[in-house]
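Commentary on secondary and tertiary structure
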Amino acid sequence: MIVEKQTPMREQPPEERIHNFFEVPLGYSEEEAIREAERCLQCKTAPCVEGCPVGIDIPRFIEQVKHRQFAEAIATIKAANDLPAVCGRVCPQETQCQGVCTLGVRFEPVAIGRLERFCATWEAENEPCCPDVAPDTGRRVAVIGAGPAGLTAAGELRKRGHAVTVFELLHEAGGVLMYGIPEFRLPKAIVKREVDALCRMGVEILVNKVIGRICTVDELLEDGYDAVFIGTGAGLPRFLGVPGENLNGVYSANEFLTRTNLMRAYRFPEYDTPIKIGERVVTVGGGNVAMDSSRTALRLGARESIIVYRRSEEELPARAEEVHHAKEEGIRFQFLTNPVELIGEDGLLKGMRCVRMELGEPDQSGRRRPVSIEGSEFVIEVDTVVIAIGNGPHPLIPKTTPDLEVTRRGNIVADPETGRTSKRGVFAGGDIVTGAATVIEAMGAGKRAAAAIDAYLRQDGG
Amino acid sequence: MYEILSKETLAPAIREYVIHAPEVARRAKPGQFIVLRLHERGERIPLTIVECDPETGGVTLVVQEVGKSTREMGDRFHVGDAVLDFAGPLGTPSEIEKYGTVVCVGGGVGIAPVYPIARALNEAGNAVIGIIGYRSRDLIFYHERFQAVCDELYVMTNDGTFGGKGFVSDPLREILASGRAVDRVWAIGPAIMMKVCSEITREFDVPTIVSLNSVMIDGTGMCGGCRVDVGGVAKFACVDGPEFDGHRVDFDLLMARQSYYAHEEACALDRYMAEAGEGAGQ
């Protein structure tokens, strides 16, 4: 018998959760997971596997959950994905595995993400699964950046028997998982657990290592690394370029989230890094980072948190679930609105002058281009503004690696299938190549590059 | 972990540390900085590098104890202890060339970062005029170090208890007004001092480099918290700087941004002092 609806996952109620940083969805119990796993049709075509950027054998792990073989289920996942606790929480499953689920044609698709998350939680609470590591090949690979792309590449290369060292410039591994995605969506203890699992496999992770400054990519190759993977991400915050943007009270989303997540400013003064939050906070942008910022603002004590987005609700790039959670929590959306000036008094932010927009002809992205309506300017009173309109590529590696080909925008040019760059032995993947995208896409790139690096080390002799 | 190899008190609330970070020591150049974090709950503190010894792997820093973290470092971190995190070298190095005659101005704790620049300029064959200023005689440090690298040295104290009475900007103006050819000025210290020095050198059309210590988190270009207005364009002090053309910097904006967390900083310090006081009573 087909169960039409997904097994619901319990969540912290909105009125409670806006006052804390604990996770919003609470996860499945064993019984709930089994019930959901039983919904899977185990169809032969398994489009979900095709829909997964890292190609997890989804029907197999779901079947194992159904039979209460949780250890086997997590092993199946981990054969393809080293960060299941992360992916189960932040992947846009609705457009990937679940988007193509056969059951989803007529009913709600199997809640694959929730099941993945369940398996990862089960592993953490029961027995750690350590994937098999092939015998040492004697080859060494340097991975620059301990974000989703770098960690995935590192895990995959280690499984193939290569010695892997990951260089991270911040003081904790995880990249955007650590500094960007908030605690209430991805608890940092979970990121640490996934990173620890990689270390148990023998991946060496070195923090506080600013490659480009302590040594260059060329020097890594000279110093005995047979290949280098660059996964340095999109860390450079973009600003609006409007007057008043340097006023006190205006944060980039990167700064706002880094203070809160990586530096734990929400626990100031117990932790040393402060953050300031006004009564009314406006976040500019419509992606997941904007949702994260506006919801973080509420939890930091803002009385009102507003999202200003220049297109309409239909074009919001954020995941439906994030928008849903934001709305539940009382975030107010002001669509078709664009800031043109930030207004200050004695150096402190007071207001944001906006203009109303309408949608014109489709642009290159296929979305209708927002056009400002003449004479429609108005001022929003505001204490804190968070600019969440995207990030550019981190420039340090391209700048210090002269023969590495980059695009006009500063992204590294790399083959999407292999991650090969213009430089022999140097591969790249994730946001540094594609521009800001999703965690799982970066992981997919890391995984493909790892396979290509492995082939390179075996065939070309390194 | 990064071990503290030595710790000296240079003056009240000003200490010099040498911290073991061989990778940084090997590559750092004058004008660059590091970010350190004392412990698991600590903030990331940017500090300009004073000196490096590639042999011992030691990186010398001078820390003025102004807030909670710097006081805590002074009170609780001793030789043989280690700080948790230490990353660098960050920022763009000073442009050291043979300019001819250069003036290196250092105010207060800014004297520490200007010292390696003066030394490098001296080594590059420049005639180096040093101007260093302190609030009072008991705060004097690095005086002899400057004597060793400067062809001419002016020492100022605000209260006149040592050297000339007044501000570093006074001899700077006198030198420029005397008609001496000065090819370049470095001025490092409190924002107001850098502003005043830049205004003076602008009158005499002498290129002037300042080093901006804005509030920052990562120090690698990711947070944008350190953005400053240079010639009407937003620049990141951490990667585009920390050195900029002093004639183009909006110092008022810099000062406003530096003071944004004054309240939180005071709270954190009060809380720390109260705790430290309790600890002392036990």
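Everything numeric in this text was worked out from a predicted model, so none of it was measured. All residue numbers refer to position in the chain's written sequence, counted from 1. All chains are assigned letters beginning at A, and all ligands numbers beginning at 1, according to the order in which they are written. Local features in this predicted model are restricted to residues whose pLDDT is 70 or higher, and side-chain atom pairs enter the listing and the counts only when it is 80 or higher, whereas totals over whole chains, interfaces and linings include all residues. Values reported for side chains reflect all heavy atoms of the structure, with hydrogen atoms and water molecules removed beforehand.

1. Some thoughts on the overall build of chain B
Selection rule: Segments assigned H or I by DSSP are reported as helices when at least four residues long, segments assigned E as strands when at least two residues long, and all are numbered from the N terminus. A radius of gyration in this sense is built from C-alpha atoms; the matching globule rule multiplies 2.2 Å by the number of residues raised to 0.38. To sort residues, take the accessible area from a 1.4 Å probe on protein chains only and compare it with the maximum for the residue type: under 20% means buried, over 50% means exposed, and anything in between is partly exposed. We call two residues in contact whenever any of their non-hydrogen atoms come within 4.5 Å of each other. Residue-level accessible areas treat just the shown protein chains as cover; the underlying method is Shrake-Rupley with a 1.4 Å probe. The charged-residue count follows a simple rule in which Lys and Arg add positive charge and Asp and Glu add negative charge, with His and chain termini not counted at all. In plain terms, the charge of a residue is placed at NZ if it is Lys, CZ if Arg, CG if Asp and CD if Glu.
For chain B, the helix and strand inventory stands at eight helices and 16 strands. Here the C-alpha radius of gyration of chain B, 18 Å, is about what a compact globule of 282 residues would show, namely 19 Å. With respect to the principal axes defined by its C-alpha atoms, chain B has extents near 60 × 40 × 40 Å. In chain B, which comprises 282 residues, the proportion classed as buried is 56%. Counting only contacts in chain B whose residues sit at least 6 apart along the sequence, the fraction spanning at least 24 positions is 66%. Summing over all exposed atoms, chain B offers an accessible surface of approximately 11,300 Å²; the carbon and sulfur share of this is 49%. For chain B, the distance from the average site of its 27 positive side-chain charges to the average site of its 40 negative ones is 2 Å.

2. Regarding the interface of chain A and chain B
Quick reminder of the rule: Reported buried area values correspond to the accessible surface (1.4 Å probe) lost by two parts on association, with both partners' losses combined. Within this document, salt bridges are pairs made up of a side-chain nitrogen of Lys or Arg and a carboxyl oxygen of Asp or Glu, the two lying within 4 Å of each other. A 3.5 Å cut-off defines polar contacts: any pair of N or O atoms within that distance qualifies, except that in protein one atom must be a possible hydrogen donor and the other a possible acceptor, and neighbouring residues in sequence count only when both atoms are side-chain atoms.
In this complex, chain A contributes 41 residues to the contact, which on the side of chain B involves 47 residues. Interface area, chain A with chain B, both sides summed: about 3,900 Å², of which 51% is carbon and sulfur. Contact with chain B buries area across many residues of chain A, yet Arg213(A), Asn246(A) and Asp272(A) alone supply 19% of it, more than any other trio. For the pair chain A and chain B, the interface holds five salt bridges. With its nearest N and O atoms 3.0 Å apart, the salt bridge here joins Lys276(A) to Glu264(B). Taken together, chain A and chain B are joined by 24 residue pairs in polar contact (both at pLDDT 80 or more).

3. Describing the packing of helix α4 (residues 58-66) of chain A against helix α7 (residues 112-125) of chain A
Two quantities define a packed helix pair, namely the angle between the helix axes and the distance between the axes. All names here are of chain A. Applicable threshold: Fitted lines through C-alpha atoms give the axes, limited to the stretch in contact for helices. The angle between two N-to-C directions lies from 0 to 180 degrees. Put simply, angles under 35 degrees are roughly parallel, angles over 145 are roughly antiparallel, angles from 65 to 115 are roughly perpendicular, and the rest are oblique. Helix crossings are classified by the rotation of the near helix relative to the far one: an anticlockwise turn of less than a right angle makes the crossing left-handed, while a clockwise turn makes it right-handed. All amino acids are sorted into three groups, where Ala, Val, Leu, Ile, Met, Phe, Trp, Tyr, Cys and Pro are nonpolar, Asp, Glu, Lys and Arg are charged, and the leftover types, Gly among them, are polar.
Viewed as axis vectors pointing N to C, α4 and α7 meet at an angle of 60 degrees, and their least axial separation amounts to 11 Å. When the interaxial angle is binned, α4 and α7 end up oblique. Read as a crossing pair, α4 and α7 show a hand that is left-handed. Note on element contacts: α7 touches α4 through Ile-112, Leu-115, Glu-116 and Cys-119, opposite Ile-58, Phe-61, Ile-62 and Val-65. Looking at the contact of α4 with α7 residue by residue, the classes come out as seven nonpolar, no polar and one charged.

4. Things to note about the nonpolar core
Note the following rule: Nonpolar cores are built from buried Ala, Val, Leu, Ile, Met, Phe, Trp, Tyr and Cys residues. Side-chain atoms within 4.5 Å join them into one set.
In terms of nonpolar packing, the biggest core is built from 118 residues, with Phe61(A) and Val105(B) touching the most fellow members. Per-element accounting of this core gives the leading share, 10 residues, to helix α17 (residues 439-459) of chain A. In this structure Phe61(A) touches Ile56(A), Ala73(A), Thr76(A), Ile77(A), Ile112(A), Leu115(A), Glu116(A) and Cys119(A), once residues within four positions along its chain are discounted. Residues Ile14(B), Ala112(B), Tyr134(B) and Ile140(B) belong to the second largest nonpolar core, which totals 28 residues.

5. Observations concerning the pairing of strand β3 (residues 33-37) of chain B
Residue and element names in this part refer to chain B. Going by this rule: Two strands pair under a simple rule: DSSP has to find at least two bridges between them.
When you tally the buried positions in β3, you get five out of five residues, the bulk of the element. Residues Phe-33, Val-35 and Arg-37 of β3 are buried on one face, and the alternating residues Ile-34 and Leu-36, pointing to the opposite face, are buried as well. By the bridge criterion, four bridges tie β3 to strand β4 (residues 45-53) in an arrangement that is antiparallel. Residue pairing across strands places Ile-34 opposite Leu-47, the latter belonging to β4. Two elements, β3 and strand β7 (residues 85-90), share four bridges in a ladder whose sense is antiparallel. Bridge assignment links Phe-33 to a residue of β7, and that residue is Leu-90.

Taken by themselves, the reported measurements are silent on function.
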